[in-house]
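For reference, the chains in residue letters:
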Amino acid sequence: MTKTELLYEGKAKKIWKTEDEDFLISEFKDDLTAFNGEKKSSEDGKGALNNQISSALFELLNEKGIQTHFVKMLDDNNMLHKSCEVIKLEVIVRNIATGSLSKNLGIENGKVLPFTLVEFDYKNDALGDPKLNDQHALILGLVKHQDELDKIRRVAREINDILKPYFFEKGLKLVDFKLEFGKDKNGNIILIDELSPDNCRFWDIESGESLDKDRFRQGKGGLKVAYTQVLNRILNK
Ligand code: C5P
């Protein structure tokens, strides 16, 4: 399948239509943004790393019975996936407190949470992706029924139950991550978007070092080395 028309350009990906209306191609870009687009940069090869990492993780989740939009990796920067109606929720799953959770609620950075926290943010750049509760999501019409929110929360936890031990075995703590969901043409809620160090936090179990976009957010450098480490651990290299 090939790209026909540019459907949408986001901060980290271009989404292309294909000859078949049921399928789209995501082109992973080298661009980096943080703090709702206020900090910008680019790193050669970052897009290809995220495409490979996301493809491997979607494959793992598909094998474990999680429904995702992933079809296949086409080449270094391009992934073929199903076309879905995007649910405008950012689903944040947290095992360890850091980032906005520590900042907003004063929970000590690095504190292991007593249970996995699942939060919803409104996917809306103009409003700065504010936090939502279920009632807000229903009032905004982001989903039709409470059942759909319950399902999203349940699947988010199932994904964490697969990925947390998977990364632990590879010497990484899965600190937190952001998921997005969409509805496929049959109305099924499935996992979409990407799973990469751009939207997950990974801490090395031994050194405590961040191997994710926090390197860019915090101006630490070494981003590509960190992302390559994540990929190599996934590939058992
Ligand atoms: O910034 P915060 O602590 O809320 O981020 C929680 C997790 O969600 C992090 O892994 C971060 O990379 C991810 N995230 C994201 N896109 C956003 C907000 C958060 O990928 N717009």
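Given the structure is predicted, the values throughout are model-derived calculations rather than measurements.

## Structural notes on the UniProt feature "domain: SAICAR synthetase/ADE2 N-terminal" (unreviewed entry) in the chain
Point 1. UniProt marks residues 6–233 with the feature "domain: SAICAR synthetase/ADE2 N-terminal" (unreviewed entry), using the numbering shown here.
Point 2. From the first C-alpha to the last, residues 6–233 spans 33 Å; its make-up is 31% helix and 35% strand.

## Focus on the site of the ligand
Point 1. In the vicinity of the ligand, 13 residues are found, and the nearest of them are Gly 99, Ser 100, Lys 178, Asn 199 and Arg 201.
Point 2. Taken together, the elements giving at least two residues each to the shell around the ligand come down to strand 9 (89–96), helix 2 (99–105), strand 12 (172–183) and strand 14 (200–204).
Point 3. Residues belonging to the shell around the ligand are distributed by class as follows: four nonpolar, three polar and six charged.

## Notes on helix 1 (residues 46–63)
Point 1. The end-to-end C-alpha distance of helix 1, which contains 18 residues, comes to 26 Å, matching closely the 26 Å that a straight helix rising 1.5 Å per residue would cover.
Point 2. Listed in full, the buried residues belonging to helix 1 are Lys 46, Gly 47, Leu 49, Asn 50, Asn 51, Gln 52, Ile 53, Ser 54, Ser 55, Leu 57, Phe 58 and Leu 61.
Point 3. Directly after helix 1, the chain includes Gly 65, whose backbone phi takes a positive value near 95°.

## Some details on the nonpolar core
One recurring pattern in soluble globular proteins is that nonpolar side chains are buried together.
Point 1. Counting 44 residues, the largest nonpolar core has Val 91, Leu 174, Leu 179, Phe 181 and Phe 202 as the members making the most contacts within it.
Point 2. The set of elements that each furnish at least two residues to this core consists of helix 1, strand 9, helix 4 (146–169), strand 12, strand 13 (189–192), strand 14 and helix 6 (223–234).
Point 3. Per-element accounting of this core gives the leading share, seven residues, to helix 4.
Point 4. Per-domain counts for this core show at least three residues from each of domain 1 (3–82) and domain 2 (85–222).
Point 5. With sequence-adjacent residues up to four places away left out, Val 91 is seen in contact with Val 118, Phe 120, Ile 152, Ala 156, Lys 178, Leu 179, Glu 180 and Phe 181.

## Focus: the sheet that holds strand 2 (residues 13–18)
Point 1. If you trace the five strands from one edge of the open sheet to the other, you get 1-2-3-7-6, paired in antiparallel fashion. Each edge of the sheet is formed by a strand with only one pairing partner; in this case those strands are strand 1 (3–9) and strand 6 (70–75). Strand after strand, the sheet turns through a mean of 30° between neighbouring axes, direction not considered.
Point 2. Sheet strands touched by helix 1: strand 3 (23–28), strand 6 and strand 7 (78–82). Its angle to strand 6, the strand with the most contacts, is close to 150°.

## Points about the domain arrangement of the chain
Point 1. What the domain assignment reports for the chain is domain 1 (3–82) and domain 2 (85–222).
Point 2. Relative to domain 2, the C-alpha centre of domain 1 lies at a distance of 17 Å.
Point 3. Taken residue by residue, the interface counts 20 residues in domain 1 and 23 residues in domain 2.
Point 4. The element that contributes the greatest number of residues to the side of domain 1 that touches domain 2 is helix 1, accounting for seven residues.
Point 5. The residue inventory of the side of domain 1 that touches domain 2, partitioned by class, reads nine nonpolar, eight polar and three charged.

## Re helix 4
Point 1. A rise of 1.5 Å per residue sets the reference length of helix 4, with its 24 residues, at 34 Å; its end C-alpha atoms lie 35 Å apart and thus fit the reference within 8%.
Point 2. Among the residues of helix 4, Leu 149, Ile 152, Val 155, Ala 156, Ile 159, Leu 163 and Phe 167 are the ones counted as buried.
Point 3. Two residues or fewer past helix 4, Gly 171 is found with a positive phi of approximately 80°.

## Some details on the packing of helix 1 against helix 6
Point 1. Where helix 1 contacts helix 6, the two axes come as close as 10 Å, and the packing angle between them is 25°. As summarised for this structure, helix 1 and helix 6 are arranged roughly parallel, according to the angle between their axes. Crossing handedness for the pair helix 1 and helix 6: left-handed. On helix 6, the residues that touch Lys 46, Leu 49, Gln 52, Ile 53 and Ala 56 of helix 1 are Leu 223, Lys 224, Tyr 227, Thr 228, Val 230, Leu 231 and Ile 234.
Point 2. Here the residues of the contact of helix 1 with helix 6 sort into eight nonpolar, two polar and two charged.

Parameters at a glance
Residues numbered from 1 in each chain as written. Predicted model: local features only at pLDDT ≥ 70, side-chain atom pairs only at ≥ 80, totals over all residues. UniProt positions renumbered as here; feature names shortened; annotations may be inferred. Helix = DSSP H or I, 4+ residues; strand = E, 2+ residues; numbered from the N terminus. Near = placed C-beta within 6 Å. Nonpolar A, V, L, I, M, F, W, Y, C, P; charged D, E, K, R; others polar. Expected span 1.5 Å × (residues − 1). Buried ≥ 20, exposed ≤ 12 C-beta atoms within 10 Å, placed from the backbone. Core = buried A, V, L, I, M, F, W, Y, C linked by C-beta atoms within 7 Å. Domains from an automatic or database assignment. Contact = placed C-beta atoms within 7 Å. Pairing = 2+ DSSP bridges. Axes fitted to C-alpha atoms, helices over the stretch in contact; angles between N-to-C directions. Parallel < 35°, antiparallel > 145°, perpendicular 65-115°, else oblique. Left-handed = near helix turned anticlockwise from the far one by under 90°.

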